[in-house]
Amino acid sequence: MSRHGIAIGRIFGIRIDLDYSWFFIAALLTWMLAGSFYPAQFKGWAASEYWLIGGLTSLLLFASVLVHELGHSLVARRYGLEVPRITLFLFGGVAQLQAEPPHAWAEFWIALAGPVTSFLLAAGFWELEPLMPAQPMLVLVRYLAVLNLMLALFNLIPGFPLDGGRVFRALLWRFTHSYHRATMAAGLTGRFFGFLFIFLGVWQALAGALVDGLWLAFVGWFLESAAGSQLHVEWMKNLLGGHRVADAMERNLLHVPPGASVEEMVERVMIPAQTRTALVTTIDGTVGMVTLDALHGVPRAEWSATSASHVMSPVAQMETTQPDAILWAAVERMGKGGVEVLPVLERGVVVGMLSREDILHYLSVLQGLQEWKSIDGVR
Ligand SMILES: [Zn+2]
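Note that the coordinates shown come from a computational prediction; the quantities given were computed from them, not determined experimentally.

Focus on the overall build of the protein chain
Part 1: Scanning the protein chain from terminus to terminus reveals 12 helices and 10 strands.
Part 2: Taking 21 Å as the expected radius of gyration for a compact globule of 379 residues, we find that the protein chain reaches 27 Å, considerably beyond that expectation.
Part 3: The dimensions of the protein chain, computed from C-alpha atoms along their principal axes, are 85 × 55 × 45 Å.
Part 4: Relative to its full complement of 379 residues, the protein chain shows a buried share of 31%.
Part 5: Nonlocal contacts in the protein chain, meaning residues at least 24 apart in sequence, comprise 59% of its contacts between residues at least 6 apart.

Thoughts on the sheet that holds strand β3 (residues 85-89)
Part 1: Pairing is mixed in the open sheet, where 4 strands are placed in the order β1-β2-β3-β4. Strands with a single pairing partner mark the edges of an open sheet, and in this sheet they are β1 (5-11) and β4 (92-96). Neighbour-to-neighbour, the strand axes of this sheet turn through a mean angle of 20°, independent of strand direction.
Part 2: When β1 meets strand β2 (residues 14-19), the two strands line up antiparallel, connected through 6 bridges. Of the residues in β2, the one forming a bridge with I11 is I14.
Part 3: Packing against the sheet, helix α1 (residues 20-41) makes contact with β1, β2 and β3, and its axis sits at approximately 60° to β2.
Part 4: Lying over the sheet, helix α2 (residues 47-78) contacts β1, β2, β3 and β4, oriented at roughly 25° with respect to β4.

Observations regarding the domain arrangement of the protein chain
Part 1: Per the domain assignment, the segments making up the protein chain are domain 1 (5-156), domain 2 (179-240) and domain 3 (245-366).
Part 2: Taken residue by residue, the interface counts 4 residues in domain 2 and 5 residues in domain 3.
Part 3: When the residues that make up the side of domain 2 that touches domain 3 are grouped by side-chain class, the tally is 3 nonpolar, no polar and 1 charged.

Thoughts on helix α11 (residues 327-337)
Part 1: Residues of α11 that are buried: L327, A330 and V331. Viewed end-on, α11 has its buried residues packed into an arc of 100°, placing them on one side of the element. More than 90 degrees from the buried face of α11, the exposed residues found are A329, K336 and G337.
Part 2: Looking one or two residues beyond α11, the residue adopting positive phi is G338, at roughly 60°.

Side note on the pairing of strand β10 (residues 349-355)
Part 1: Counting buried positions along β10 gives 5 out of 7 residues, so the element sits mostly inside the fold.
Part 2: Here strand β9 (residues 341-346) pairs with β10 via 6 bridges, running antiparallel. By the bridge assignment, P343 is partnered in β10 with M353.
Part 3: Between the end of β9 and the start of β10, which pair antiparallel, lie 2 residues, with R347 showing a positive phi angle near 45°.

Some words on helix α6 (residues 179-206)
The α-helix winds at 3.6 residues per turn, so residues separated by three or four positions along the chain end up facing the same way.
Part 1: The first and last C-alpha atoms of α6 sit 40 Å apart over 28 residues, in line with the 40 Å expected at 1.5 Å per residue.
Part 2: Of all the residues in α6, the buried ones are Y179, A182, T183, A186, G187, G190, R191, F193, G194, F197 and G201.
Part 3: The secondary structure elements touched by the buried residues of α6 are α5 (163-176) and α7 (210-240).
Part 4: With its phi angle positive at about 120°, G208 sits one or two positions after the end of α6.

Here we look at unusual backbone geometry
Part 1: At the junction of F160 and P161, the peptide bond is cis and its omega measures out at 5° in the coordinates.
Part 2: Considering the arrangement of structural elements, one finds P161 in the loop between α4 (137-155) and α5.
Part 3: Notably, H177 is not glycine yet its phi reads approximately 60°, a positive angle.
Part 4: Counting through the fold element by element, H177 comes out in the loop between α5 and α6.
Part 5: You can call H177 exposed: it has 10 C-beta atoms within 10 Å.
Part 6: Look at Q274: it is not a glycine, yet its phi comes out positive at around 50°.
Part 7: Looking at the secondary structure, you find Q274 in the loop between α9 (262-273) and β6 (277-282).
Part 8: Q274 sits in the exposed class, given 6 other C-beta atoms within 10 Å.

Thresholds applied
Residues numbered from 1 in each chain as written. Predicted model: local features only at pLDDT ≥ 70, side-chain atom pairs only at ≥ 80, totals over all residues. Helix = DSSP H or I, 4+ residues; strand = E, 2+ residues; numbered from the N terminus. Rg over C-alpha atoms; globule rule 2.2 N^0.38 Å. Buried ≥ 20, exposed ≤ 12 C-beta atoms within 10 Å, placed from the backbone. Contact = placed C-beta atoms within 7 Å. Pairing = 2+ DSSP bridges. Axes fitted to C-alpha atoms, helices over the stretch in contact; angles between N-to-C directions. Domains from an automatic or database assignment. Nonpolar A, V, L, I, M, F, W, Y, C, P; charged D, E, K, R; others polar. Arc of directions from axis to C-beta. Expected span 1.5 Å × (residues − 1).

Put into structure tokens, the structure is as follows:
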């Protein structure tokens, strides 16, 4: 059981998760197919047949999406990338790779494997159709061929985060030798297609096809925001690249003794210094850290009777980093673990703190420097 969905099992050792939004879309799709689409297209089936074929169509469509993701996953494994899980959700599926592909051709083949798998599924259902004796099974197989073909073609649109966008990025990466430029270009085309879908969807909705139009606009919004956040991550990664934790960390550390009360600590140390963190230090060294967030659980009236050591997080139990660690790696660790502050240790002594604010501050400094350089023509 995860936070956003349920695990339904493992295939080839890869965990398969159903996001809660999947149940919504599977029910909606079944209802639309059985309630209106199939009855309008095909007359004379029994009521139970519309629901059976509607339900089977949506189940097998999602099974097809799962096979598409397995296509990506098995090729990723051939390049030595672990795939811990595949998640099926509102907009389809996603195979989560543990790391970025090692080189452009790896990315190219991993991305292409999904649409190729969908084309093969479409061909398979197409071949199966003449073997079906009659409606409604014949209709089921025919629509699955069409849906898999649409899945393959849609995913080949050359904008990130779609497979086509990854293929596009891989080719740019290969021929420009710049992962950064390739990612920025694929992200921008992803945003372009996102906006295009929103525009077309709204147009369609205004022209009368309300549900189809809103759905298209919704897909466009999802693509646009995924491409936008990829661009943002890549921008940060590029600016922070080559820098070390020591460059961005806070060096002005505030220390309080373990016996100091929370009231003293906040009013005499943290507020005057305008800081959100303080270190709890004994004569033997720093033993813990207190953040303002950790004080939310302590009522204001108890501040004078509560000691700093009581509310601190022990450094020995915290994730830490070193001054010469790669800054971007530390940022990724903080993002993945939901960590707000990393103590920076050198030979067991806390020499700095790296918080999200420190990183944002450093980013703004680097960005300022970059603008200055480009104005000056130094670049
Ligand atoms: Zn795919």
